[in-house]
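Observations on the model geometry
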Amino acid sequence: PAAAEPAAEAGALPGQLIAAMREACRAAFLRCGTRLLEPVYRCEVQCDQEILGRMYAVLRKRRGEILAEDLREGTDLFLISASLPVVESFGFANDLRKNTSGAAHPQLVFSHYEALPQDPLFVVATEEEQEALDDGDLPTINLARKLMDGVRRRKGLRVEDKVVASATKQRTMSRKR
């Protein structure tokens, strides 16, 4: 019976260790800030010099980032490499062809995931945070929150939006006869 006691204690120790590790990991995850990982495409666009500005405008409008710009030897065509968030890529090819009159040809390939710098669950809680928001130190539009709410809407989940944007009394426009 004395030899069975250490074996029973050894059986309880791993269970206690696993429970302690689980609670420590849970506490660490709850303490750190929440970040979203956004998938990013590598975009290769081939176009000529006359439409380069219009192509850059379409990329800029969709949060695209130019990585490289090369001139193809023997031609007047440029090969532009850019990174483009996947969520911004829907309708990108049509928009690019429309703005460049069909002269630019994009090719999108998955590249990597990128962490968004903002916390999607951030809410102004202190006066210092409100002052930083008013001074322009903090961005006015939380992109991570906007993307998260868009996904929740598409999936039919609850979104915390204001129902009434400006609470003023409604005027009736009827004529009195």
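Up top is the structure these notes are about.
Turning to a negative patch on the surface, a few remarks are in order. A surface patch of negative charge is lined by Glu127, Glu128, Glu131, Asp134 and Asp135. Inspection of the secondary structure assignment puts Glu131 in helix α4 (residues 127–135). Classification of Glu131 by relative accessible area gives partly exposed; the value is 48%.

It is worth spelling out the pattern of salt bridges at this point. Applying the stated criterion across every chain, the model contains 7 salt bridges. As a salt-bridge pair, Glu88 and Arg63 come within 3.3 Å of each other at their nearest N and O atoms. Placement of Glu88 in the loop between β3 (77–85) and α3 (92–99) and of Arg63 in the loop between α2 (52–61) and β2 (65–71) is noted, with a sequence separation of 25 residues between them. Across the pair Arg145 and Asp149 runs a salt bridge whose closest N-O atoms are separated by 3.5 Å. With Arg145 and Asp149 both in helix α5 (residues 143–154) and 4 residues apart, the pair spans about one turn of that helix. Taken together, the shared-partner salt bridges in this structure form one network comprising Glu38, Arg63 and Glu88.

Right, let's get into the environment of Tyr113. Within the secondary structure, Tyr113 sits in strand β4 (residues 105–115). Owing to a relative accessible area of 53%, Tyr113 belongs among the exposed residues under this scheme. A C-alpha to C-alpha distance of 9.6 Å links Tyr113 and Leu36, two positions 77 residues apart in sequence. Those residues in contact with Tyr113 that lie beyond four places of it in its chain are Leu37, Glu38 and Pro39.

Once that is clear, we can look at the pairing of strand β1 (residues 37–48). Looking along a regular strand, one sees side chains alternate from face to face of the sheet. Sheet analysis places β1 next to β4, joined by 10 bridges and oriented antiparallel. Across the sheet, Pro39 pairs through a bridge with Tyr113, a residue of β4.

Let us look at the packing of aromatic side chains. On inspection of all chains with the given rule, the structure shows 1 aromatic pair. For the ring pair Phe110 and Tyr113, a centre distance of 5.3 Å and an interplane angle of 65° mean the geometry is edge-to-face.

On to the packing of α2 against α3. What describes two packed helices is the angle between their axes and the distance between those same axes. Between α2 and α3, the least distance of the axes is 9 Å, while the angle of their chain directions is 150°. Accordingly, the angle class assigned to the pair α2 and α3 is roughly antiparallel. The way α2 lies across α3 gives a crossing that is right-handed. Between α2 and α3, the residues in contact are Arg54, Met55, Val58, Leu59 and Lys61 and Phe92, Asp95, Leu96 and Asn99, respectively. Residue composition of the contact of α2 with α3, by class: 5 nonpolar, 1 polar and 3 charged.

It is worth spelling out the nonpolar core at this point. Counting 16 residues, the largest nonpolar core has Cys47, Leu52, Met55, Ile80, Phe92 and Leu96 as the members making the most contacts within it. Among the elements of the structure, β1, α2, β3 and α3 are those that each provide at least two residues to this core. Among the elements that make up this core, the one with the highest residue count is α2 (5 residues). Those residues in contact with Phe92 that lie beyond four places of it in its chain are Cys43, Val58, Leu59, Arg62, Leu84, Pro106 and Leu108.

With that settled, consider the sheet that holds β2. Spatial strand order, β2-β3-β1-β4: 4 strands in an open sheet with antiparallel pairing. The open sheet has two edge strands with one neighbour each: β2 and β4. Averaged over neighbouring strand pairs, the angle between their axes works out to 20° when direction is ignored. Bridge analysis of β2 against β3 gives 6 bridges, and the strand direction is antiparallel. Counterpart to Asp70 in the pairing with β3 is Leu79. Those strands touched by α2 are β1, β2 and β3, and its axis lies near 5° from that of β3.

The rules behind each value
- Residues numbered from 1 in each chain as written.
- Predicted model: local features only at pLDDT ≥ 70, side-chain atom pairs only at ≥ 80, totals over all residues.
- Heavy atoms only, no water.
- Patch = residues over 30% accessible without salt bridge, like charges linked within 9 Å, V, L, I, M, F, W, Y side chains within 5 Å.
- Areas by Shrake-Rupley, 256 points an atom, 1.4 Å probe, with all protein chains shown as cover.
- Salt bridge = Lys/Arg side-chain N within 4 Å of Asp/Glu carboxyl O.
- Lys, Arg positive; Asp, Glu negative; His and termini not counted.
- Charge placed at Lys NZ, Arg CZ, Asp CG, Glu CD.
- Helix = DSSP H or I, 4+ residues; strand = E, 2+ residues; numbered from the N terminus.
- Buried < 20%, exposed > 50% of the residue type's maximum accessible area, 1.4 Å probe, protein only.
- Contact = heavy atoms within 4.5 Å.
- Pairing = 2+ DSSP bridges.
- Phe/Tyr/Trp six-rings, centres within 6.5 Å; stacked < 30°, edge-to-face > 60°.
- Axes fitted to C-alpha atoms, helices over the stretch in contact; angles between N-to-C directions.
- Parallel < 35°, antiparallel > 145°, perpendicular 65-115°, else oblique.
- Left-handed = near helix turned anticlockwise from the far one by under 90°.
- Nonpolar A, V, L, I, M, F, W, Y, C, P; charged D, E, K, R; others polar.
- Core = buried A, V, L, I, M, F, W, Y, C linked by side-chain atoms within 4.5 Å.

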